[in-house]
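Okay, here's what each chain looks like letter by letter:
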Amino acid sequence: MSTAPALRTLRFGHSPDADDAYMFYGFHTGRASIAGCRVEHVLEDIQSLNRRALECGDLEITAVSAHAYAFLADRYAILACGASMGIGYGPVVVARAPRTLESLRGRRVAIPGPLTTAALLLRIECPECVPVEVMFDRIPAAVRAGEVEAGVIIHESQLTYRAEGLVKVLDFGELWQQRDGLPVPLGLDVVRRDLGPELMRAASEGFRASIRDAIDHEEEAIAYALRFGRGLDVPQGKRFVHMYVNELTLDMGESGRRALELLYRRAGSAGAIREAPAIEVV
């Protein structure tokens, strides 16, 4: 009796966030798949995923910061789908009272990890500040407590910081939209090059099908995603998910590529990276 060939396990590293959960909804329901493969989810915060990709590269597909990818291009290629690009919104610098970004020169500013794109954007725009690493979900409390003068917030805090008594100093996504006419690139999904071209393409196609399934089954997918929403209600959850699952998530396209090129050019000028990585999109 013949037996079916064993499925190959592909591990997808991603953050335990509502937007990531939404993108993986098709895999969750089984309506999206990668032929011959079983998808295994590995949930870690983005800074941990960045470090894991840099130190061992054991995950076949993983979310990483656009910043971290500058150090990973020899091992991973970029998936055309799954990117987090803020169209007019992005990480927000917050403080206890109104102030300018220039006033933070020489001041302590909380960042959610040195390899996050939020930290890179701060370094580009305010290189004289003193970055202090704080776990992303503790940054609002650290700012309120005066442990730091300001903080760069990501994830759900972008929607809730006003209710927590904080004020906006700068939204990096607004800055990029107004100044550059481009989205601000934040996160990427990347695939390990040693899988080979055929499996790399299959992973990209399967992931795109998973995202499309969520879009096609919006209410179900949002309800699933809110299990990972860290206190967001349904309207907030929808708003948060669609901040980072937008038209560029199915395919980053030319504007996404141009935004990445600009980010790496500025990162090089700021001395944050030695050279811009090759942008190879699967």
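The preceding data block contains the structure.
Here is what the cut-offs are and how they apply
Residues numbered from 1 in each chain as written. Predicted model: local features only at pLDDT ≥ 70, side-chain atom pairs only at ≥ 80, totals over all residues. Heavy atoms only, no water. Axes fitted to C-alpha atoms, helices over the stretch in contact; angles between N-to-C directions. Helix = DSSP H or I, 4+ residues; strand = E, 2+ residues; numbered from the N terminus. Parallel < 35°, antiparallel > 145°, perpendicular 65-115°, else oblique. Left-handed = near helix turned anticlockwise from the far one by under 90°. Contact = heavy atoms within 4.5 Å. Nonpolar A, V, L, I, M, F, W, Y, C, P; charged D, E, K, R; others polar. Buried < 20%, exposed > 50% of the residue type's maximum accessible area, 1.4 Å probe, protein only. Arc of directions from axis to C-beta. Polar contact = N/O pair within 3.5 Å; in protein donor to acceptor, adjacent residues only side chain to side chain. Phe/Tyr/Trp six-rings, centres within 6.5 Å; stacked < 30°, edge-to-face > 60°. Lys NZ or Arg CZ within 6 Å of the ring centre and 35° of its normal. Lys, Arg positive; Asp, Glu negative; His and termini not counted. Salt bridge = Lys/Arg side-chain N within 4 Å of Asp/Glu carboxyl O.

Novice: Outline the packing of helix α5 (residues 117-125) against helix α8 (residues 172-180), listing residues and values.
Specialist: Where α5 meets α8, the closest approach of the two axes is 11 Å, and the angle between their N-to-C directions is 55 degrees. Here α5 lies oblique to α8, going by the angle between them. With respect to the hand of their crossing, α5 and α8 are arranged in left-handed fashion. Residues Ala 118, Leu 121, Leu 122 and Glu 125 of α5 form the contact with α8, whose own contacting residues are Phe 172, Leu 175, Trp 176 and Arg 179. Tallied by class, residues from the contact of α5 with α8 come to six nonpolar, no polar and two charged.

Novice: Go over α8 with me, naming the residues and quoting the values.
Specialist: Three- or four-residue spacings in an α-helix give side chains the same orientation, since the helix completes a turn every 3.6 residues. Among all positions of α8, only Phe 172, Gly 173, Leu 175 and Trp 176 are buried. The buried residues of α8 occupy an angular sector of 160 degrees when the element is viewed end-on, so they sit on one face. Elements in contact with the buried residues of α8: β6 (92-95), α5, β9 (150-153), β10 (167-171), β11 (184-192) and α13 (253-269). Two or three places before Gly 173, at the start of α8, stands the capping residue Asp 171, its side-chain oxygen 2.8 Å from that residue's backbone nitrogen. Directly after α8, the chain includes Gly 181, whose backbone phi takes a positive value near 65 degrees.

Novice: Describe the environment of Leu 248, naming the residues involved and giving the relevant values.
Specialist: With respect to the secondary-structure elements, Leu 248 resides in helix α12 (residues 247-250). Given a relative accessible area of 9%, Leu 248 falls into the buried group. Each C-alpha atom, one on Leu 248 and one on Arg 38, is 26 Å from the other, the two residues being 210 residues apart in sequence. For Leu 248, the contacting residues outside a window of four places in its chain are Ala 80, Met 85, Ile 87, Pro 183 and Ser 255.

Novice: Just give me the short version of the packing of aromatic side chains, but keep the residues and values in it.
Specialist: Aromatic ring pairs are described here by two measures, namely the spacing of the ring centres and the angle between the planes. A full pass over the atoms with the stated rule returns nine aromatic pairs. For the ring pair Phe 12 and Phe 24, a centre distance of 5.4 Å and an interplane angle of 85 degrees mean the geometry is edge-to-face. Remark: Phe 24 occurs in the loop between α1 (18-23) and α2 (25-29) and Phe 12 occurs in strand β1 (residues 8-14); sequence separation between them is 12 residues. Of the residues examined, Phe 12 reaches a relative accessible area of 0% and is grouped as buried. When the centroid spacing of 5.7 Å and the interplanar angle of 70 degrees are considered together, the rings of Phe 12 and Phe 207 count as edge-to-face. Remark: Phe 207 occurs in helix α9 (residues 197-216) and Phe 12 occurs in strand β1; sequence separation between them is 195 residues. Comparing Phe 12 with Phe 207 shows no difference in burial state: the two are buried. Members of the aromatic cluster, each reached through a chain of ring pairs, are Phe 12, Phe 24, Phe 27 and Phe 207. When the ring centre of Trp 176 is taken as origin, the NZ or CZ atom of Arg 266, which lies over that ring, is 5.2 Å away.

Novice: Give me the lowdown on helix α10 (residues 218-225), citing residues and values where you can.
Specialist: Residues of α10 that are buried include every one of Ala 221, Ile 222, Tyr 224 and Ala 225, and no others. Summarising the axial view, the buried residues of α10 lie within an arc of 160 degrees, below the 170-degree limit, and thus occupy one face.

Novice: I'd like a description of the side chain of Asp 189, backed by residues and values.
Specialist: Secondary-structure assignment places Asp 189 in strand β11. An unpaired buried charge is present at Asp 189: no salt bridge exists, and Arg 208, the closest side chain of opposite charge, is 11 Å distant. What Asp 189 contacts, discounting residues up to four positions off in sequence, is Thr 62, Ala 63, Ala 77, Ile 78, Leu 79, Cys 81, Gly 82 and Phe 207.

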